[in-house]
Amino acid sequence: MKLKGMHFVRNGQTEGRTMLKYIGKRVLQLIPVLIGITFLSFAMMRLAGGDAVTYMYENAGGAVSQEIIDEAKKEYGLDQPFLVQYGRWAAGMFSGDMGTSYVSGRDVYDAFTEKLPATALLTLSSVLATLLVSVPLGILAAVKQNKWVDYLIRFFSFIGNSSPNFFAALILMYLFSVKLGWLPVVTSENTGLSLILPTMTLALSMASKYTRQIRAAVLEEMNQDYVTGAKARGVKGSVIIWKNVMRTSMVTIVTLLSLSVGNLLGGTTIVESIFMWDGVGKMAVDAITMRDYPVVQAYVAWMAVIYVLVNLVTDILYHYLDPRVRLGGDRL
Amino acid sequence: MKEKRRLLFFTALAVLLLLTAAFAAYLCPYDPYKQDLLLAKQPPGPEHWIGTDRFGRDIFSRVLAGSTVSIYSTLFLVTVVTVTGTVAGVLCGWFGGALDAVLMRIADLFLAFPSLVFALAVAGVLGGGIQNAVFALAVAGWPKFARLARSLTLSQKEAPYLMAAKLSGSSTIKILVRHVIPNIGGQILVTAVLDIGTTMMELAGLSFLGLGVQPPAAEWGSMINEGRSLLQISPWMSLAPGAAIFVTVLIFNLLGDALRDYMDPKQRKQKRKKGKDE
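For clarity, every value in this text was computed on a predicted model and none was experimentally measured.

Draft legend 1. Region of the structure containing the overall build of chain B. On a plain count of helices and strands, chain B comes out with 10 helices and zero strands. Shown N-terminal to C-terminal, the secondary structure of chain B runs as helices and strands in the order α-α-α-α-α-α-α-α-α-α. Taken over the C-alpha atoms alone, chain B extends approximately 75 × 45 × 30 Å along its principal axes. Within chain B, the fraction of its 278 residues that count as buried is 52%. Taking as baseline every contact in chain B between residues at least 6 positions apart, the subset at least 24 positions apart corresponds to 73%. Counting only carbon and sulfur atoms, one obtains 66% of the accessible surface of chain B, whose full area is about 13,200 Å². Of the side-chain charges in chain B, 27 are positive and 18 negative, and the distance between the mean point of each set is 10 Å.

Quick look at the structure:
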């Protein structure tokens, strides 16, 4: 008995240690990726933005002498060697100096951090709405497999999955704002009321995907031996679902979340532009049309960094939730 | 056999769609580019089935004309991404070593960007235009297929039949082309077909934002954008191309699903067999 107990303790310790080791390894692996992301974002915009200053003056109208252009380039640091510019800019991501906008003349970092909370709020509310809808529906569809409820849920999830978000946005707008008049079409500022439609738009396609996956995960779990065993012992169906099946289905949900963050961050650009939600996505789209490269640069780099960090967190969560992965090594 | 019938049905629908898109120019009842301001913003009626836009152009004809660009550029894009990704992935998986390390790090780097964000940036750098939008999404899209093909190749690499092929003196090229690619092709094809819908939505999304096809060219994404400001007066302007995208994406998604279900039993059998071997 004593031996067995000691064995367990040691096992727990090593497990904790491998977990820490895993996290350490993943964080170390992150460094080259972060350098790559920032370098690529910077290089891309620099390739395009070499003549941005000329463009800027041409846009303002009138002919400009070469001296003024050179002067402006100096002011923006564009006369420095490429790597020096990159180093300065990448360091600026941490110190809060990512250059100034060509269009508004505002500090890019300030503008970005000012608008980020709005996008974060929209992202978060969409994820919440998605989970609130898809978890119950997914379970319901699985429990009522091949009944009409199941077919109905699957039908609508397929529809939702096939609607592009800008189309869904227009339909919702048409329905709730134009026809029913319940919600404002566009608002000049971010309010709770103006959050509803963008959230619904983003949640629609995500919830459709989640519902299908959760249904599949629950169905798979319900065929496991332990569920049959629990049923045979007379445990109530609802208890099995909520206590056992849901716990294992969490892995599916975490995987889905990590997969959809990328789509979500991309989706906010379109949805924010449609609903005039004043977040970083709309800022980026406006900046792209105005060729405001410092803003685009900061946006792309930050989105990638956020995406990578979220993926890291979900990977660790995944690792923690599913013991099988701990032994399996890298996941696809 | 139920699976086979379903697959055939959706394949037929998809082919019908492709044929319509190919011959759209001959099917249009009106010239999709002819402006007539006297007819502007007409509601749907017997003359103009889905009404006219703000320049009096027939929307039904424009949706038809737009199908050519929307559908074929998407298919072109998916094909390019699938082929490039698969070739890269198979080579990496088979040869390993420095090639694998370098190519996969590059793939990881591109995967580190949310794909639409990256495509937005590339399209922004290159400026609008359908070629640039396709290029932007291709750059963002190939790593997914490279990763998939690589892991599938790795799973095949040690299979007995490949050892046998090697032992009997088949050249590497022959092994890759005759054995590895046909064996992993099914799953890649399913992924590619399921990818058509997403790709179409992303491409249309870029056009919608003004970074893809430029007006006055008829394309679904940019047509939705043109009609957006008139949503209150003439909703059909953006709802018609939107519905077109929706139906097309739906058909390709259903086709992908049917294809997956059709291939699935075989794969399940393979998996079970592999489990026994181990």
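Having seen the structure, we can now continue with the description.
Draft legend 2. Geometry of the overall build of chain A. Looking only at helices and strands, chain A has 13 helices and zero strands in total. Split into buried and exposed, the 332 residues of chain A put 46% on the buried side. In the form shown here, chain A has an accessible surface area of approximately 17,700 Å², with 64% of it arising from carbon and sulfur atoms.

Draft legend 3. Highlighting helix 5 (residues 108–143) of chain A. All names here are of chain A. The end-to-end C-alpha distance of helix 5, which contains 36 residues, comes to 51 Å, matching closely the 52 Å that a straight helix rising 1.5 Å per residue would cover. Taking the largest bend as the criterion, helix 5 deviates by roughly 30 degrees, centred on L116, and proline P117 comes between one and four positions later. The N-cap residue of helix 5 is D107: its side-chain oxygen and the backbone nitrogen of Y109 are 3.4 Å apart.

Draft legend 4. Here's a closer look at helix 1 (residues 2–22) of chain B. Residue and element names in this part refer to chain B. Its 21 residues place the ends of helix 1 30 Å apart at the C-alpha level, agreeing with the 30 Å of an ideal helix rising 1.5 Å per residue. Taken residue by residue, helix 1 has L7, F10, A14, L17 and A21 as its buried positions. The buried residues of helix 1 occupy one face: seen down the axis, they fall within an arc of 90 degrees. Counted as exposed and oriented over 90 degrees from the buried face of helix 1: R5, L8 and L16.

Draft legend 5. Seen up close, the interface of chain B and chain A. Each side of the interface is counted separately: chain B has 38 residues, and chain A has 41 residues. Here chain B packs against chain A, burying approximately 3,500 Å² in sum over the two surfaces, 83% of which is carbon and sulfur. Taken together, the connections running from chain B to chain A amount to one salt bridge. Taken together, chain B and chain A are joined by two residue pairs in polar contact (both at pLDDT 80 or more).

Draft legend 6. Local environment of the side chain of K282(A). By secondary structure assignment, the location of K282(A) is in helix 11 (residues 280–290). Those residues in contact with K282(A) that sit more than four places away from it in its chain are E272(A), S273(A), M276(A) and W277(A).

Draft legend 7. The packing of aromatic side chains, seen in detail. Residue and element names in this part refer to chain A. All told, the structure shown has 11 aromatic pairs over all chains when counted by the stated rule. Aromatic side chains F42 and W89 sit 5.2 Å apart centroid to centroid with 40 degrees between the ring planes, which places their arrangement in the tilted category. Taken together, the residues F42 in helix 1 (residues 2–49) and W89 in helix 4 (residues 82–95) connect sequence positions 47 residues apart. By the burial criterion, F42 is buried, and W89 matches it. Relative to F156, the ring of F155 lies with its centre 5.4 Å away and its plane at 75 degrees, an arrangement referred to as edge-to-face. Assessed through its relative accessible area of 51%, F156 is described here as exposed. Through a chain of ring-to-ring contacts, the aromatic side chains of F39, F42, Y86 and W89 assemble into a single cluster.

Draft legend 8. Looking closely at the packing of helix 5 of chain A against helix 6 (residues 148–161) of chain A. All names here are of chain A. Contact geometry of helix 5 with helix 6 gives a least axis separation of 8 Å together with a crossing angle of 135 degrees. Relative to helix 6, helix 5 is oriented oblique. Note on packing geometry: the crossing formed by helix 5 with helix 6 is left-handed. Of the residues in helix 6, those in contact with L137, L140 and A141 of helix 5 are V149, D150 and I153. Considered class by class, the residues forming the contact of helix 5 with helix 6 number five nonpolar, no polar and one charged.

Draft legend 9. Examining empty space enclosed by the protein more closely. All names here are of chain B. Scanning the model with the defined rule gives two cavities of 30 Å³ or more in all. The volume enclosed by the second largest cavity comes to roughly 60 Å³. Forming the walls of the second largest cavity are D53, I59, R62, M223, E226 and M237. Secondary structure elements with two or more residues in the lining of the second largest cavity: helix 3 (59–95) and helix 9 (220–228). Looking at the lining of the second largest cavity residue by residue, the classes come out as three nonpolar, no polar and three charged.

Draft legend 10. Representation of the confidence of the model for chain B. All names here are of chain B. Per-residue pLDDT for chain B has a mean of 84; in total, 95% of the residues score no lower than 70. Per-element confidence in chain B is highest for helix 3, whose mean pLDDT is 91, and lowest for helix 10 (residues 236–277), whose mean pLDDT is 76. In this model residues 269–278 is a low-confidence stretch, pLDDT under 50, and it forms one contact with partners more than four residues away in sequence or in other chains.

Draft legend 11. Quick peek at the layout of surface pockets. Residues and elements named next belong to chain A. Here the second largest pocket defines a volume of roughly 500 Å³. F156, G160, L204, A207 and S208 are, among the 23 residues lining the second largest pocket, the residues nearest its centre. Secondary-structure elements contributing two or more residues to the lining of the second largest pocket are helix 5, helix 6, helix 7 (165–179) and helix 8 (192–222). Considering only residue class, the lining of the second largest pocket consists of 17 nonpolar, six polar and no charged.

Draft legend 12. Region of the structure containing the confidence of the model for chain A. Residues and elements named next belong to chain A. With 83% of its residues at a pLDDT of 70 or more, chain A shows a mean pLDDT of 80. Highest mean pLDDT in chain A belongs to helix 5 (90); lowest belongs to helix 13 (residues 323–328) (54). Note on residues 1–10: pLDDT under 50 across the span, and zero contacts to partners over four residues away in sequence or across chains. Low pLDDT, under 50, characterises residues 328–332; the predicted model gives this stretch five contacts beyond four residues in sequence or across chains.

Conventions adopted
Residues numbered from 1 in each chain as written. Chains lettered and ligands numbered in written order. Predicted model: local features only at pLDDT ≥ 70, side-chain atom pairs only at ≥ 80, totals over all residues. Heavy atoms only, no water. Helix = DSSP H or I, 4+ residues; strand = E, 2+ residues; numbered from the N terminus. Buried < 20%, exposed > 50% of the residue type's maximum accessible area, 1.4 Å probe, protein only. Contact = heavy atoms within 4.5 Å. Areas by Shrake-Rupley, 256 points an atom, 1.4 Å probe, with all protein chains shown as cover. Lys, Arg positive; Asp, Glu negative; His and termini not counted. Charge placed at Lys NZ, Arg CZ, Asp CG, Glu CD. Expected span 1.5 Å × (residues − 1). Bend = angle between axes of the 7 residues up to and from the residue. Polar contact = N/O pair within 3.5 Å; in protein donor to acceptor, adjacent residues only side chain to side chain. Arc of directions from axis to C-beta. Buried area = accessible area lost by both parts, 1.4 Å probe. Salt bridge = Lys/Arg side-chain N within 4 Å of Asp/Glu carboxyl O. Phe/Tyr/Trp six-rings, centres within 6.5 Å; stacked < 30°, edge-to-face > 60°. Axes fitted to C-alpha atoms, helices over the stretch in contact; angles between N-to-C directions. Parallel < 35°, antiparallel > 145°, perpendicular 65-115°, else oblique. Left-handed = near helix turned anticlockwise from the far one by under 90°. Nonpolar A, V, L, I, M, F, W, Y, C, P; charged D, E, K, R; others polar. 1 Å grid on protein atoms, 1.4 Å probe; cavity = no way out; pocket = protein on both sides within 12 Å on 5 of 7 lines; lining within 4 Å. Points joined across faces, edges and corners; volume = space filled by probe spheres on them. pLDDT = per-residue confidence, 0-100.

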